[in-house]
2 protein chains.
Amino acid sequence: MITTKSALEQFKELDEKITHLSTVSALVGWDQKVMAPKKGRMLFSKAYSTLETEIFKLMISKEMGDYLTELTTNKDNFDDVTNARIRERKIFYDKFKTIPTDLYQEYSTLTSEANHIWEEARANNDFNHFLPYLERIIEMKRKFAELYGYKSHPYDALLDEFEPGLTVEKLDPLFAELRKVSVELLKRIQHSSTKTPEEIFEKTYSVEKQKEFNKYMLPIIGFDMEAGRLDETIHPFAQPMNTGDVRITTRYLEHNVRSAIFGTIHEAGHGIYDQNINKDFEGTVLRNGTSFGIHESQSRFLENMVGRSKEFWKYFYPTLQSYFTEQLGETTVDDFYKAINTVKPTFIRVEADELTYNLHIMVRYEIEKGLIAGEFIAKDLPTIWNKKMEEYLGIIPKNDREGVLQDVHWSFGGLGYFPSYTLGNLYAAQILNTIEQEMPEFYQNIESGRFDLIKNWLTSKIHQYGSLISPYELIVKVTGEELNAKYMADYLNTKYSKIYDL
Amino acid sequence: MITTKSALEQFKELDEKITHLSTVSALVGWDQKVMAPKKGRMLFSKAYSTLETEIFKLMISKEMGDYLTELTTNKDNFDDVTNARIRERKIFYDKFKTIPTDLYQEYSTLTSEANHIWEEARANNDFNHFLPYLERIIEMKRKFAELYGYKSHPYDALLDEFEPGLTVEKLDPLFAELRKVSVELLKRIQHSSTKTPEEIFEKTYSVEKQKEFNKYMLPIIGFDMEAGRLDETIHPFAQPMNTGDVRITTRYLEHNVRSAIFGTIHEAGHGIYDQNINKDFEGTVLRNGTSFGIHESQSRFLENMVGRSKEFWKYFYPTLQSYFTEQLGETTVDDFYKAINTVKPTFIRVEADELTYNLHIMVRYEIEKGLIAGEFIAKDLPTIWNKKMEEYLGIIPKNDREGVLQDVHWSFGGLGYFPSYTLGNLYAAQILNTIEQEMPEFYQNIESGRFDLIKNWLTSKIHQYGSLISPYELIVKVTGEELNAKYMADYLNTKYSKIYDL
């Protein structure tokens, strides 16, 4: 028999312990991608897996189950923060207690190894090198979906991991509406006689100078460099440890100056969210963002709604120009703005424009749904990928490196993750609509470099809450309504109509 | 009831789990010193402490105790590797099971925080900032000594943590002999009319070029850069994760080119040991060096016996000269050799010459003995430090930054560690005597850059064994006798007699 009081205290201790060990695990994950020497990574994956298994065991332990049972019957006695901690741990518990420990350990070792193999496969354009790992990951994810359980589509079980409550049934109409608008708009753009001066990017931009510019820009847009790091990886990502230690990465390409700039702004959007969560939530499950979709809304908002606005470049362009006199000396800020907003179907998702980006996501979404439903098998993915790319974007990659091997997600088992990106875009457009109303000087603030005011608004409305409020409640609280694709549709139509004189 | 067979299997699993979590913990330690942003470190120390506590609990768990009891009665049935794993875990168990979990957790949090505080105190030359932490650390260490137990001196209990079996009784005569020889030799050197051209180091050496030279030198002397990293910290150190991931650090000073060079060679000596332990020991307690003294012997051997030899610089000096034409263009290799072997009492241990280095250690040894015996209190340390420095080296530091605050060790609770450095020197000189006999072309190999041959000898005689063989057995196995201070005495006398024409 445990009493309610001791159950609450013990639950809090256990929540803290899991959060602390998860912080350590996050650090290991970051280190192995960013810092670890080549020969040590396979060896380290065993230590990583041991830690992950320990965390997993704690999250689904009998003690956790007992505390949750006891505490969920006493909700009325607890404050909101306590109830949110219970809610978040219960989501994990109910899901993961269905997975046998052995299976999870196997999965953990597999994905840790698969990540390194994927990197090699991508570097060597060798899908078959990655295939056996991918096959095993998909097989396990299908097993997980069955174990988690779902109402109508097995993929729902995986979606729910990243966006609680999300289903194929909800997603299909949102994506259908967005696809319709996007494809129509894309056609109108492709038929427009207005062209953007994209050729300014067909030049060499010194990596050293790119680094300097990114390091100059990052603190101005709101990322606290004393509470974070900026490093380099093939695939940029953001990883928080705590509010005082948020690590982001970018990649510098000599022949693509946009890659690092917008990659950095994107990851800074994630990072600023993590740096500004209520410090009282340190050491609790609430110290994470509330969902992958909401997290992505913050990175996409900063990257696109802010970073691809004309006002952003009215502020930053003179400095960028001074770093790259030779390349940009003759280009006006207006032309630069048009050039960075060029719409053109391309192969690489992370470098896609705002319009075609969502079509990239839909390709992955359709493939993942099919894989989990057992309609496709991994071996056929290069063919299926290329077919879908032609269907959605009208282009076919020349090789798997530019195609099916481009993304890290499957290598770490992240099936169900991709839709978060487009959800993030939808959330971001809806949040933009609200901030434009509540802060009429929004674009003026960007133009005068007052990113602190925008960060403060986002922190007070979104960041501070961490996981206290669920994504569904949060978007209603901030914008006054549920997620609605029309804001994104309007945003895209307005923006590109001006740029392409439609 | 557990059967022997299942006890053995379960013991091995537990040993592996502890080793894996310790690897993760080592990574956290490295990261927080080398990579972590300022604002996150205090927050991360709680997560670190949670992990350390988990490891500690496993090392002294009832299960571990049961397995050890069962297995130590069945030694004859197991191979040497299994028995060594049992022996090493038993050493930890017998020692640490005496410490209550709460006390260890408090200690772990304290030392993690104290490390950051020490860095601040050292940077600001502010002993009082560090004092309250130091007081608590000493208090706890005294408590630990009582809990561990000891025969004659409480400091024995702490020495034993770093060099199993070492006592004040054994150490005092070794140190007395060495002190006598060192002080006499120092006087003769100070009275010699021969002076070394140390003024060549009173110049500015570009940090960028120093970095280039160190990165050039490191793989040649045997450190595998694909199985390790070289980074920068205030206090250089080496940290192995596994044989494929060994991380070392150095520090670059514009006005002291020797600091980085010999710091790098020193840490490379540690790193090469860790990179060449038998790969079959991965995931077991045997994958560490057998003692701090033996580990230090490998770093001191490479730094001094190899790195401060004339032959070493016959090989490397032309390259160094080409990096620093302005500073070294007029200096011959013979003069450079003499300059790097200048003997002169100075304040900073890590930059001391081979002769006075051990006197620095003796100062710390005497202080630690006194602190643990309760003869000194922490508040008086700056005064005591300066008095001892005058007594042993004839000089008094101008401030605490150059005095009592210079070393990291006390901040992480490493009382009992310092004697390992001089033990390392004694082991190294004794090993040098053996290698000179077994490899008559030893110096010729250095001169021709065949560091691989020297590394192979050390690997076959020492590195490969990890903790399979105890330090006492190892030195007898390699050199044919117990540790003997006369080899160091002879080495110092021979070397400096030539340099200073004594």
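The rules behind these values
- Residues numbered from 1 in each chain as written.
- Chains lettered and ligands numbered in written order.
- Predicted model: local features only at pLDDT ≥ 70, side-chain atom pairs only at ≥ 80, totals over all residues.
- Heavy atoms only, no water.
- Domains from an automatic or database assignment.
- Contact = heavy atoms within 4.5 Å.
- Buried area = accessible area lost by both parts, 1.4 Å probe.
- Polar contact = N/O pair within 3.5 Å; in protein donor to acceptor, adjacent residues only side chain to side chain.
- Helix = DSSP H or I, 4+ residues; strand = E, 2+ residues; numbered from the N terminus.
- Nonpolar A, V, L, I, M, F, W, Y, C, P; charged D, E, K, R; others polar.
- Least-squares fit on C-alpha atoms with pLDDT ≥ 70 in both.
- UniProt positions renumbered as here; feature names shortened; annotations may be inferred.
- Phe/Tyr/Trp six-rings, centres within 6.5 Å; stacked < 30°, edge-to-face > 60°.
- Buried < 20%, exposed > 50% of the residue type's maximum accessible area, 1.4 Å probe, protein only.
- Lys NZ or Arg CZ within 6 Å of the ring centre and 35° of its normal.
- Patch = residues over 30% accessible without salt bridge, like charges linked within 9 Å, V, L, I, M, F, W, Y side chains within 5 Å.
- Areas by Shrake-Rupley, 256 points an atom, 1.4 Å probe, with all protein chains shown as cover.
- Salt bridge = Lys/Arg side-chain N within 4 Å of Asp/Glu carboxyl O.
- Lys, Arg positive; Asp, Glu negative; His and termini not counted.
- Charge placed at Lys NZ, Arg CZ, Asp CG, Glu CD.
- Pairing = 2+ DSSP bridges.
- Axes fitted to C-alpha atoms, helices over the stretch in contact; angles between N-to-C directions.
- Core = buried A, V, L, I, M, F, W, Y, C linked by side-chain atoms within 4.5 Å.

Undergrad: How should the domain arrangement of chain A be read in this particular structure?
TA: Interface size is commonly expressed as the accessible surface area that is lost when the partners come together. Residues and elements named next belong to chain A. Here the domain parsing of chain A yields domain 1 (4-141) and domain 2 (168-499). Spacing between the C-alpha centres of domain 1 and domain 2 amounts to 26 Å. Between domain 1 and domain 2, the contact holds 38 residues from the first and 43 residues from the second. Taken together, the two surfaces of domain 1 and domain 2 that pack against each other cover about 3300 Å², and 69% of this comes from carbon and sulfur. Looking at the side of domain 1 facing domain 2, the largest losses of area belong to Trp 30, Arg 122 and Phe 127, adding up to 22% of the total buried there. The tally of links between domain 1 and domain 2 comes to 14 residue pairs in polar contact (both at pLDDT 80 or more). Of all the elements in the fold, those that place two or more residues in the side of domain 1 that touches domain 2 are helix H1 (4-34), helix H4 (80-96), helix H5 (101-123) and helix H6 (127-148). No other element matches H1, which puts 10 residues into the side of domain 1 that touches domain 2. Looking at the side of domain 1 that touches domain 2, its residues break down into 19 nonpolar, 6 polar and 13 charged.

Undergrad: Even after reading the chapter, I still don't get the relation of the copies chain B and chain A, so can you show me in this structure?
TA: One copy of the chain maps onto the other through a rotation about an axis followed by a shift along the same axis. Superposing chain B onto chain A takes a rotation of 180° combined with a translation of 0.0 Å along the rotation axis, leaving an RMSD of 0.0 Å. Such values leave the two copies arranged in the relation of a two-fold axis. A shared binding surface is used by both copies, with 97% of the interface residues of chain B retained as interface residues in chain A.

Undergrad: What is the right way to read the UniProt feature "active site" (unreviewed entry) in chain A from this model?
TA: Following the UniProt record, one finds the feature "active site" (unreviewed entry) at A:Glu267. Those residues in contact with A:Glu267 that sit more than four places away from it in its chain are A:Pro236, A:Phe237, A:Ala238, A:Ile248 and A:Thr249.

Undergrad: Explanation requested: the packing of aromatic side chains in the structure shown.
TA: Given two aromatic rings, their pairing is described by the distance between the two centres and the angle made by the two planes. On inspection of all chains with the given rule, the structure shows 76 aromatic pairs over all chains. Their ring planes at 75° and their centres at 4.9 Å tell us that A:Phe162 and A:Phe292 sit as a pair that is edge-to-face. Residue A:Phe162 is found in helix H7 (residues 154-162), and its partner A:Phe292 is found in helix H11 (residues 292-306); the two are separated by 130 residues along the sequence. Note on B:Tyr315 and B:Phe451: the rings are 5.9 Å apart at their centroids and 75° apart in plane angle, and the pair reads as edge-to-face. Highlighted residues: B:Tyr315 in helix H12 (residues 310-323) and B:Phe451 in helix H19 (residues 451-461), separated in sequence by 136 residues. With relative accessibility at 26%, the residue B:Tyr315 sits in the partly exposed group. By relative accessible area, B:Phe451 is classed as buried at 2%. Taken together, the ring pairs connect A:Phe201, A:Phe213, A:Tyr216, A:Phe262, A:Phe312, A:Trp313, A:Tyr315, A:Phe316, A:Tyr317, A:Tyr323, A:Phe336 and A:Phe451 into an aromatic cluster. Looking at A:Arg247, its charged tip hangs above the ring of A:Trp30, at a distance of 4.4 Å from the centre.

Undergrad: What is the right way to look at a negative patch on the surface in this model?
TA: Residues and elements named next belong to chain B. A cluster of acidic residues, Asp 102, Glu 106, Glu 135 and Glu 139, forms a negative patch on the protein surface. Mapped by element, the contributors of at least two residues to the negative patch are helix H5 (101-123) and helix H6 (127-148). Residue classification places Glu 135 among the partly exposed positions, given a relative accessible area of 36%.

Undergrad: Help me understand the UniProt feature "binding site: Zn(2+)" (unreviewed entry) in chain A in this model?
TA: Residue and element names in this part refer to chain A. Listed under "binding site: Zn(2+)" (unreviewed entry) in the UniProt record, and renumbered for this structure, are His 266, His 270 and Glu 296. The named residues occupy 31 residues along the chain; their greatest pairwise C-alpha distance, 8.8 Å, places them in one compact cluster. Summarising the element assignment, His 266 is placed in helix H10 (residues 257-275). For His 266, a relative accessible area of 9% corresponds to the buried category. If we skip the residues at most four places from it in the chain, His 266 touches Glu 296, Ser 299, Arg 300 and Glu 303. Its location among the elements puts Glu 296 in helix H11. Only 3.2 Å separates the side chain of Glu 296 from the side chain of His 266, close enough to count as a polar contact.

Undergrad: Would you mind going over the sheet that holds strand E1 (residues 228-232) of chain A with me for this structure?
TA: Paired through their backbone hydrogen bonds, the strands of a sheet run either parallel or antiparallel. Residues and elements named next belong to chain A. What the 3 strands build is an open sheet, ordered E1-E3-E2; its pairing is mixed. Looking at strand neighbours, the two that pair on one side only are E1 and strand E2 (238-242), the edges of this open sheet. On average, each strand axis in the sheet is inclined to that of its neighbour by 20°, with strand direction left out of account. Bridge analysis of E2 against strand E3 (residues 245-250) gives 4 bridges, and the strand direction is antiparallel. Bridge pairing in E3 places Ala 238 opposite Ile 248. Relative to the sheet, H10 contacts E1, E2 and E3, its axis offset from that of E3 by approximately 165°.

Undergrad: Any chance you could explain the sheet that holds strand E2 (residues 238-242) of chain B here in plain terms?
TA: All names here are of chain B. Reading across the sheet, the 3 strands line up as E1-E3-E2 and stay open at both edges, with mixed pairing between neighbours. For this open sheet the edge positions go to strand E1 (228-232) and E2, each flanked by a neighbour on one side alone. For this sheet, the mean inter-axis angle between neighbouring strands, taken without regard to orientation, is 20°.

Undergrad: Whenever I open this one, the nonpolar core confuses me. Can you help?
TA: Across soluble globular proteins, nonpolar side chains have a tendency to be buried as a group. In terms of nonpolar packing, the biggest core is built from 333 residues, with A:Phe301, A:Trp313, B:Phe301 and B:Trp313 touching the most fellow members. For B:Phe301, the contacting residues outside a window of four places in its chain are B:Val306, B:Ala428, B:Ile431, B:Leu432, B:Ile435, B:Phe442, B:Ile454 and B:Leu458.

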